[in-house]
Amino acid sequence: MNLLVLMIALPLLTAFLLSSINRLSTFAARVIGPLVLLATAAIGLSVWPQLSAAPQAIQWGGFQAPLGITLYADQFALLFALAMTIGTLLLWPRSTENQLRSSSLALLLAGTGSGLALSGDLFNIYVFYELMTVVSYGLIASRGTSGSFASTLRYLVISGFGAALALAGIALVYQATGTLNLAQLAQLAPEKLNNLQGFAAFVLMLVGFGVKAELFPVNMWVPEVYATASSRVSALLAGVVSKLALLIIMRLLILVFHQPEALTVLLVLGILGVATGELAAWRARDLNRMLAFSSIGQLGVMFIALSIPGNAGIFAALAVMVHHLFLKPSMFLLAERWGGSIKALAGAAKTSPVGAALFVLLSLSLIGVPPLPGFWAKLLVIMPMLALDQPLYYFAAFVILAAASLEANYLFRVVMKLYEKEPAATPHNAHATLDLATAVFLGAGLVASVFMLVPLADRLDGIAVQASDVSTYIQTVAPQPLEAGRVQ
Amino acid sequence: MDILDSNTILYIAAFGLMLIGISGIVISNHLMRIIFGIALLEAGANLLLMLSTYHEGAAAPIIVDGNVPAMMADPVPQALVLTAIVIGVGILALALSLAIRVQRAYGTLDMREVRLKLEQEISADAGIDMPSSSEKPADIAKVPLNSVVQQESGS
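Analysis parameters
Residues numbered from 1 in each chain as written. Chains lettered and ligands numbered in written order. Predicted model: local features only at pLDDT ≥ 70, side-chain atom pairs only at ≥ 80, totals over all residues. Helix = DSSP H or I, 4+ residues; strand = E, 2+ residues; numbered from the N terminus. Rg over C-alpha atoms; globule rule 2.2 N^0.38 Å. Buried ≥ 20, exposed ≤ 12 C-beta atoms within 10 Å, placed from the backbone. Contact = placed C-beta atoms within 7 Å. Nonpolar A, V, L, I, M, F, W, Y, C, P; charged D, E, K, R; others polar. Axes fitted to C-alpha atoms, helices over the stretch in contact; angles between N-to-C directions. Parallel < 35°, antiparallel > 145°, perpendicular 65-115°, else oblique. Core = buried A, V, L, I, M, F, W, Y, C linked by C-beta atoms within 7 Å. Domains from an automatic or database assignment. Expected span 1.5 Å × (residues − 1). Bend = angle between axes of the 7 residues up to and from the residue. pLDDT = per-residue confidence, 0-100.

Trainee: With reference to specific residues and values, describe the overall build of chain A.
Mentor: The helix and strand tally for chain A stands at 20 helices and two strands. Taking 2.2 N^0.38 as the reference for a compact globule, 488 residues should give roughly 23 Å; the C-alpha atoms of chain A span a radius of gyration of 22 Å, in line with that estimate. When its C-alpha atoms are laid out on the principal axes, chain A stretches across 75 × 65 × 45 Å. Burial analysis of chain A (488 residues in total) assigns 61% to the buried set.

This is the structure in C-alpha cells:
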C-alpha cells in the first residue's frame with residue numbers, strides 16, 4: 001500500500017549501489033539508472049488515481065503522527081515528485097568522463113526531490129532540501145571547468161547562507177509550537193504563530209528556501225550557474241528543482257503562515273524579481289544567461305501568483321509552475337548547441353529548422369500569446385489580481401504585462417537572428433538528436449495542452465483545491481485529534 | 001543576574017553568532033572568511049535550535065528502572081542539530097575543496113576577482129566582449145579625477 005516510499009528509496013539505493021554495479025558490469029551501470037527512474041515513475045503514476053480520491057499519509061517506522069516521520073501524499077506533492085523523476089529521466093546527464101558520478105548524482109537528485117515533495121514535517125523538509133542542494137553542487141561542478149567550480153562555490157556561499165537562515169526559522173517555529181509535524185503545526189499555527197515571531201520565522205524560511213526558487217535578493221547565483229553548468233543540469237535546476245523549493249513555500253503558506261504581511265512580502269519580492277530578471281534578460285547578449293535571467297522573471301510571476309489570497313492564488317501559481325515545467329527545460333536543451341553569443345546565431349534556422357521552429361513556439365508561449373498555454377497561465381494570475389482591487393496588485397499586474405512586452409522584445413531578437421538570411425561566419429552545430437527529440441517532446445506537450453485546455457484546467461483546479469484543504473491534511477495525518485503542543 | 005539569566009545570555013550568543021556570520025559573508029571579500037562566516041552562521045542557528053526547548057537541569061529522556069525524571073530534555077531539536085552539524089561539516093569540506101580548485105584556476109581567493117574572472121570566462125566562452133565593468137572607472141572618468149588630485153597636491 002505504501003508503494004510511494006519506493007519513489008524515494010529506490011533512486012537513493014541505486015545511487016549508492018551504482019559504483020558496485022559498475023564493477024560487475026559497466027553496461028548494467030549505464031542502463032540501471034534510467035530503468036529505476038522509469039519504474040519509479042510507473043509507481044507514482046499507479047498511485048495517482050487513489051490520491052485523486054483522497055490524500056494519503058504514510059508514517060515511517062509505524063510511529064504515529066507527531067512522533068514519527070510523516071510523508072504526506074496528495075496530488076500536488078505527487079505531481080512534483082513525478083515531475084522530478086520524469087524530468088531527471090528526460091534530462092539524464094550525458095557526459096563521457098564522469099558518467100558514473102553524474103548518474104549517481106542524478107539518481108540522488110530524483111530521490112531527494114521526491115522526498116522533499118512528499119515530506120510532511122519540517123525536519124525532513126530541511127534534510128531533503130540540504131541533500132538536494134549538495135547534489136546540485138556536484139552536478140554543476142561535474143563539468144570540470146574552472147568556471148563551473150567558481151560558480152558552484154559562489155552558489156554554495158549563497159545556499160549555505162540560506163540554509164542557515166531556514167534552520168533559524170525552523171528553530172523559531174519549534175520554539176513557539178514544540179512540533180515540526182506540518183499537520184500539528186497547521187492546528188497550532190492560528191494560535192501560536194500568528195504573531196511577530198511567526199512572521200520572522202516565515203521571512204527566514206522564505207529567504208532560506210527561496211535561494212533555490214530564485215527569489216529576488218538571493219538569486220545572484222542563477223546567471224553564473226546556468227552559464228557554466230551543462231545545459232541538461234541547468235534545465236533540471238531551472239525547470240524542476242526551483243519548483244520543488246516553491247512547493248515547500250506554498251505548503252508552508254497554506255498550512256502554517258496565515259499572516260497578511262506574509263503575502264505582501266511575497267508580492268513585493270515577486271515584483272522585484274520580475275522587474276530585475278526581465279530587465280537583465282533584455283540586456284543579456286548570450287542565450288544561456290538570457291534564459292537564466294528570464295527564468296528569474298518567471299519565478300517572480302509565480303511568487304506574485306502565490307501572494308493572491310485564497311484558492312485562486314494557488315491555482316494560478318500551479319498553472320504557471322506546470323507551464324514553466326514544460327517550457328524551460330526544452331529551451332535550455334535548445335541552448336545546448338546555441339549557447340554563446342546571440343549574434344553568432346544568425347541564420348541558424350537553416351542548419352536546424354526544427355529547433356528554430358520550436359524556439360519560436362516556446363517563445364510565443366513564454367510571452368503569453370493566445371491560444372498557447374502561457375497565455376492562459378498568465379491570465380489566471382492577472383484576473384484575480386485585478387478583482388482584488390488593491391493598488392499594489394494593480395501595480396503587479398502592470399509589471400507582469402510590461403515584462404511580457406520585454407520578453408517579446410528579447411525573444412524575438414533571438415528569433416530574428418535565427419531566421420536571418422546572412423549566415424554567421426562560423427557554421428552552427430546542428431542539435432544532438434536526443435536533445436532535440438526531448439525538446440520536441442516537451443514542446444508537443446505544450447501544443448497538446450491547447451486542445452485539452454478545459455479538462456486540464458479542471459484537473460489543476462482539483463489539485464489546487466486538494467492542496468489548500470487544511471482540515472483534510474490534518475485529518476489524513478492524524479485521524480485522532482493530536483495532543484496539544486508540549487507545554488514549555 | 002535577574003535580567004541576565006543563563007537563557008538570555010545564550011540567546012544573545014546565538015543571535016550574536018548569526019550576526020557575526022552574516023556580516024562575515026556580506027562584508028568580507030576573502031573566500032576563507034566568507035566560508036568561516038557560513039560556519040559561524042550555522043553555529044548560531046544550531047544554538048538557537050537547541051535553545052528552542054532548553055531547560056536548565058533537564059535529564060536525558062531515558063527511563064531507567066521505571067524512574068521518570070521530573071524534567072526531560074526534548075530530543076527532537078538535538079536530533080535535528082546533530083543532522084545539521086553533520087551536513088554543515090560536509091558542506092564546509094566541499095567549500096574548502098572547491099576553494100582550492102578555484103585558487104588553482106584563478107590564482108586568487110578574493111571574491112571580487114573570482115567574480116570578475118568568472119564573468120570574463122563566461123563571456124569568452126560565449127564569444128562576446130566583456131561589458132564595461134562597474135568596478136573599474138571608465139577612462140573618461142579618470143582624467144578629471146587625476147587633475148583634481150594634481151591640483152590639490154600642487155597648491
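Trainee: So, the environment of leucine 272 of chain A: which residues are in play, and what are the values?
Mentor: Following the sequence through the fold, leucine 272 of chain A ends up in helix 11 (residues 260–283). Separated by 99 residues in the primary sequence, leucine 272 of chain A and proline 371 of chain A place their C-alpha atoms 28 Å from one another.

Trainee: Can you lay out the interface of chain B and chain A for me, pointing to particular residues and giving the numbers?
Mentor: Counting from both sides, the interface comprises 35 residues of chain B and, opposite them, 34 residues of chain A. Breaking the side of chain B that touches chain A down by element, the ones donating at least two residues are helix 1 (6–27), helix 2 (31–51), helix 3 (75–106) and helix 4 (111–126) of chain B. Ranked by residues supplied to the side of chain B that touches chain A, first place goes to helix 3 of chain B with 16 residues. By residue class, the composition of the side of chain B that touches chain A is 26 nonpolar, five polar and four charged.

Trainee: Tell me about the packing of helix 6 (residues 146–177) of chain A against helix 2 of chain B, and name the residues and values.
Mentor: At a minimum axis separation of 8 Å, helix 6 of chain A and helix 2 of chain B run at an interaxial angle of 10°. Between helix 6 of chain A and helix 2 of chain B, the angle falls in the class roughly parallel. Here Val157, Gly160, Phe161, Ala164, Leu167, Ala168, Ile170, Ala171 and Tyr174 of chain A of helix 6 of chain A come into contact with helix 2 of chain B, specifically with Ile34, Ile38, Leu41, Glu42, Ala45, Leu48 and Leu49 of chain B. A breakdown of the residues in the contact of helix 6 of chain A with helix 2 of chain B according to their chemical character gives 14 nonpolar, one polar and one charged.

Trainee: Describe the packing of helix 15 (residues 353–367) of chain A against helix 17 (residues 391–418) of chain A, naming the residues involved and giving the relevant values.
Mentor: Residues and elements named next belong to chain A. Viewed as axis vectors pointing N to C, helix 15 and helix 17 meet at an angle of 170°, and their least axial separation amounts to 9 Å. Here helix 17 runs roughly antiparallel to helix 15, going by the angle between their axes. Side by side, helix 15 and helix 17 meet where Ala356, Phe359, Val360, Ser363, Leu366 and Ile367 of the first sit next to Ala404, Glu407, Ala408, Leu411, Val415 and Leu418 of the second. A per-class count over the contact of helix 15 with helix 17 returns 10 nonpolar, one polar and one charged.

Trainee: Give a description of the environment of glutamate 261 of chain A that names residues and reports values.
Mentor: Residue and element names in this part refer to chain A. Considering the arrangement of structural elements, one finds glutamate 261 in helix 11. With 13 C-beta atoms counted inside 10 Å, the residue glutamate 261 sits in the partly exposed group. Sequence separation between glutamate 261 and glycine 273 is 12 residues; the distance between their C-alpha atoms is 18 Å.

Trainee: Describe the nonpolar core, with residues and values.
Mentor: Residues and elements named next belong to chain A. Residues Leu167 and Val381 are the most contacted members of the largest nonpolar core, which totals 224 residues. Among the elements that line this core, the one with the most residues is helix 6, at 20 residues. Taken domain by domain, the makeup of this core includes at least three residues from each of domain 1 (1–120) and domain 2 (121–474). Residues contacting valine 381, with those up to four places away along its chain left out, are Val301, Ile304, Ala305, Ala316, Val320 and Ile400.

Trainee: Lay out helix 1 (residues 4–24) of chain A with the relevant residues and their values.
Mentor: Taking 1.5 Å of rise per residue, 21 residues should cover 30 Å, and helix 1 of chain A covers 29 Å from first to last C-alpha, within 8% of that figure. Taking the largest bend as the criterion, helix 1 of chain A deviates by roughly 50°, centred on leucine 18 of chain A.

Trainee: Let's hear about the confidence of the model for chain B: which residues, and what values?
Mentor: Residues and elements named next belong to chain B. Summary statistics for chain B give a mean pLDDT of 80 and a share of 81% for residues scoring 70 or more. Here helix 5 (residues 139–154) stands out as the element of chain B with the lowest mean pLDDT, 45, in contrast to helix 2, whose mean of 92 is the highest. Low pLDDT, under 50, characterises residues 137–155; the predicted model gives this stretch two contacts beyond four residues in sequence or across chains. Taken over the whole predicted complex, pTM reads 0.89, whereas the ipTM for its chain interfaces reads 0.85.

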